[in-house]
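This is what each chain is made of:
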Amino acid sequence: MLDVAGGLGWDSHVHVFDAQAPVMPGHYRPVHRPLTDIEQLAGHHGVAHLVLVQPSVYGCDNTVMLEAFARAMAGTGAWRCWSPARPTRNWHRCILWGCAV
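Residues numbered from 1 in each chain as written. Predicted model: local features only at pLDDT ≥ 70, side-chain atom pairs only at ≥ 80, totals over all residues. Heavy atoms only, no water.

Chemist: For the nonpolar core, give the residues involved together with the corresponding values.
Modeler: Judged by nonpolar contacts, the single largest core of 16 residues is most densely connected at Val 16, Leu 35, Ile 38, Leu 50, Leu 52 and Tyr 58. Elements with a minimum of two residues in this core: helix H1 (35-44), strand S2 (47-53) and helix H2 (63-70). The element best represented in this core is H2, accounting for four residues. (Core = buried A, V, L, I, M, F, W, Y, C linked by side-chain atoms within 4.5 Å. Buried < 20%, exposed > 50% of the residue type's maximum accessible area, 1.4 Å probe, protein only. Helix = DSSP H or I, 4+ residues; strand = E, 2+ residues; numbered from the N terminus.)

Chemist: Please set out the pairing of S2 residue by residue, giving values where relevant.
Modeler: Taking burial as the measure, the seven residues of S2 include six buried ones, the bulk of the element. The sheet contact formed by strand S1 (residues 9-14) and S2 spans four bridges and is parallel. Residue pairing across strands places Val 14 opposite Leu 52, the latter belonging to S2. Read as a crossover between parallel neighbours, the route from S1 over H1 to S2 is right-handed. (Pairing = 2+ DSSP bridges. Right-handed = clockwise from strand over helix to strand, strands pointing away.)

The structure is reproduced here in structure tokens:
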């Protein structure tokens, strides 16, 4: 195991994927990569903090990231895509560190 900063390391760009979630037209179909798998791998390498980043395959549909964030370990934040056409419900529950319009 690689111990990064005494187990307090950061991964500042993490995508969570749900292979069953709808993707934007013309995008690839991602493999299933739930946050639990990512957290386990991160923990193995001494990474205690994750920043979830909205993958482009989902466009501005933040559902997958919101669902992952609801189950996230402490120390997880998010960077999301925002669109006036999409509701912003449930984002008050997240530690939102950035937003792209």
